[in-house]
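Chain residues, written in single-letter form:
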Amino acid sequence: MAATSATTASGNSAPKYFEIPFFASVNENFNKAAVLLDHPKGLLDQIRVCNSVYYMQFPVRIKGEIQVISAWRAEHSHHKLPCKGGIRYSENVNQDEVIALSALMTYKCAVVNVPFGGGKGGIKINPKNYSEEELERITRRYTVELIHKNFIGPAVDVPAPDYGTGAREMAWIADTYQTFVGKEIDALGCVTGKPIPLGGVHGRTEATGRGLFFGVREALNDAELMKKINMSVGMEGKTVIVQGFGNVGYHAAKFLQEGGATIIGIIEWDGAVVSANGIDVEALDAHRKTTGSITNFHGATTVKQGNSVLEYECDILVPSALESQITKFNAPNIKAKIIAEGANGPVVASAEDILLEKGILIIPDMYLNAGGVVVSYFEWLKNISHVRFGRMDKRFEEGGNFRLVSLVERMTGQSLTPEEKNMLIRGADEEDLVNSGLEDSMITAYHEIMAIWRTRPNVKDMRTAAFISAIDKIAHSYFQMGIFP
Ligand code: GLU
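Quantities reported herein were computed from a predicted structural model and do not represent experimental measurements. (Residues numbered from 1 in each chain as written. Predicted model: local features only at pLDDT ≥ 70, side-chain atom pairs only at ≥ 80, totals over all residues. Heavy atoms only, no water.)

1. Some thoughts on helix α16 (residues 462-481)
A rise of 1.5 Å per residue sets the reference length of α16, with its 20 residues, at 28 Å; its end C-alpha atoms lie 29 Å apart and thus fit the reference within 8%. The element α16 is largely enclosed, with a buried count of 14 among its 20 residues. Where α16 begins, the side chain of Asp461 points an oxygen toward the backbone nitrogen of Arg463, at a separation of 3.2 Å. Count one or two residues on from α16 and you reach Gly482, which has phi positive near 80 degrees. (Helix = DSSP H or I, 4+ residues; strand = E, 2+ residues; numbered from the N terminus. Expected span 1.5 Å × (residues − 1). Buried < 20%, exposed > 50% of the residue type's maximum accessible area, 1.4 Å probe, protein only. Polar contact = N/O pair within 3.5 Å; in protein donor to acceptor, adjacent residues only side chain to side chain.)

If you want it as structure tokens, here you go:
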């Protein structure tokens, strides 16, 4: 039965559409993996719980009146530092959600071998109701609260963009931190997702969508897996429906389309657009920029009840909006063969069994949307090493390539065209290195997860395999600390 006013451990009421509170749903999935492992119960309990959460309320002057703003920062795990995870601005933010999302960050970082603990922050506002100046005031005040309670810092806890925030908010956070903390040499590493001139890294904005593309591509090229779900190998011509056309959904759709997939539906909060012939993602983005909505796009049919499109026939469904979108109520109607989780927690735990029974492959969030935090890790490395990737070796690499090409030309007596020469000689710049590091992280993690799924007969699905991968790595850190002998 749907719990309409479930109360979480933290005392918060869960929103009505949740079947169970979000953190409980994450833990239900955790427990499915934990029972298959031999780790001591106390260790599993320690990994599962949220280490600390800071709930704050602070006044901000808005249009001449004082408004009291509620906000949180949760640090789920300190097994590695700093903690890492985004900050979301949404009217629906609550403590349970922030804790659940911080837990997912812990597992996500472990799955893709990013040496951080999990964190997440949230401010309970609808950013659309505030002017830019008011948002800046709220963000700066929130940052000061975090500084005072030691919930931010390059070695402590490093926020990033999430739902409702972006590079602009990260710039305000970085500037406030630098102003207050003063002489800290690594201060810019206090937050990631910053604009490039403020210490950001090339490729961070697209990172989550690009990482999702790499993960889906890896699965589609896995002949054994494709056979299991009765699908042909490869991305070419696969039909895709994407829920959410924000930073994650837009980039995921764009990269999947460039990779040969056909985007047949895009769902937003105010409606969806569908076209069996495929939707031009760039043209839809341009339409949204001029009209403020994806609806009434000339190249597709508008569906007013946007979320009904989740139930349309397609090869791959990419929920990349918010959590709890696929519940036990709509799970029986889902017709996709693959659910590729771009959002955090889009499939509620109770819907999972229904989907798995239907033979649907769920590529889990903690793996598939980890591209953002992977590139955040690169940004943090850039900030604490104070040097742009490629600065030391680009020219050196080009020199070596040039000598090699000249030697080949001399030995063969043939000349390459200037274009061919440029292609072979060019050294890697920051964006090349970031994208290559992201690709490697996603491919490595995929094969780690699949090795668990393939070699342990009691592991029935990819999420459980990903949880095992994460739990084992976190357990290993605790063993190394000597806390659990
Ligand atoms: N908010 C993103 C996530 O949920 C990014 C986190 C980060 O870069 O720290 O993965």
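Now, onward.
2. Observations concerning the site of the ligand
For the ligand, the set of nearby residues contains 14 residues, the closest of which are Lys84, Lys108, Pro161, Asp162 and Ser376. In the environment of the ligand, a nitrogen atom lies 2.8 Å from a nitrogen or oxygen atom belonging to the side chain of Asp162. Protein contacts shield 94% of the accessible area of the ligand, which totals 290 Å² for the unbound molecule. Contributing elements (two or more residues each) for the shell around the ligand: β3 (83-89), α3 (95-111), β5 (157-161) and α12 (371-385). Of the residues belonging to the shell around the ligand, the class tally is 4 nonpolar, 5 polar and 5 charged. (Near = heavy atom within 4 Å. Areas by Shrake-Rupley, 256 points an atom, 1.4 Å probe, with all protein chains shown as cover. Nonpolar A, V, L, I, M, F, W, Y, C, P; charged D, E, K, R; others polar.)

3. Observations regarding the side chain of Ser275
For Ser275, the location among the structural elements is in the loop between β8 (271-274) and α9 (281-291). The contacts of Ser275, once residues within four sequence positions are left out, are Ile263, Ile264, Gly299 and Ala300. (Contact = heavy atoms within 4.5 Å.)

4. A look at the packing of helix α1 (residues 22-34) against α3
It is at 7 Å that the axes of α1 and α3 come closest, and there the two elements cross at 30 degrees. By the angle between their directions, the pair α1 and α3 is classed as roughly parallel. Every residue of α3 that contacts α1 at Phe22, Phe23, Val26 and Phe30 is listed here: Asp96, Glu97, Ile99, Ala100, Leu101, Ala103, Leu104 and Tyr107. Looking at side-chain class alone, the contact of α1 with α3 contains 10 nonpolar, no polar and 2 charged residues. (Axes fitted to C-alpha atoms, helices over the stretch in contact; angles between N-to-C directions. Parallel < 35°, antiparallel > 145°, perpendicular 65-115°, else oblique.)

5. Concerning the sheet that holds strand β4 (residues 117-123)
Taking strand neighbours across the sheet as the criterion, the 5 strands line up as β1-β2-β4-β3-β5 in an open arrangement whose pairing is mixed. Each end of this open sheet is capped by a strand with a single partner; those strands are β1 (52-62) and β5. Averaged over all pairs of adjacent strands, the angle between their axes in this sheet comes to 25 degrees, without regard to strand direction. Both β1 and strand β2 (residues 65-75) contribute to a ladder of 11 bridges, which runs antiparallel. Paired with Phe58 across the strands is Ile69, a residue of β2. (Pairing = 2+ DSSP bridges.)

6. Side note on the sheet that holds strand β9 (residues 301-303)
Ordered in space as β9-β8-β7-β6-β10-β11-β12, the 7 strands form an open sheet in which the pairing is mixed. Among the strands making up the open sheet, the edge pair consists of β9 and β12 (361-363). This sheet shows a mean twist of 20 degrees between the axes of neighbouring strands, independent of strand direction. For strand β6 (residues 239-243) and strand β7 (residues 262-268), the ladder comprises 5 bridges, and the chain directions are parallel. Counted as the bridge partner of Val240 is Ile263 from β7.

7. Section: the pattern of salt bridges
Evaluated as defined, the whole model comprises 33 salt bridges. One salt bridge in this structure joins Arg141 and Glu145, with 2.9 Å as the shortest N-O distance. Here Arg141 and its partner Glu145 are both found in helix α4 (residues 132-148), 4 residues apart, which amounts to about one turn of the helix. You can call Arg141 partly exposed: its relative accessible area is 31%. Its salt-bridge partner being Glu448, residue Lys473 comes within 2.7 Å of it at the nearest N-O pair. Of this pair, Lys473 sits in helix α16 while Glu448 sits in helix α15 (residues 430-455), and the two are 25 residues apart along the sequence. (Salt bridge = Lys/Arg side-chain N within 4 Å of Asp/Glu carboxyl O.)

8. A closer look at the confidence of the model for the chain
With 96% of its residues at a pLDDT of 70 or more, the chain shows a mean pLDDT of 95. Note on residues 1-18: pLDDT under 50 across the span, and 27 contacts to partners over four residues away in sequence or across chains. (pLDDT = per-residue confidence, 0-100.)

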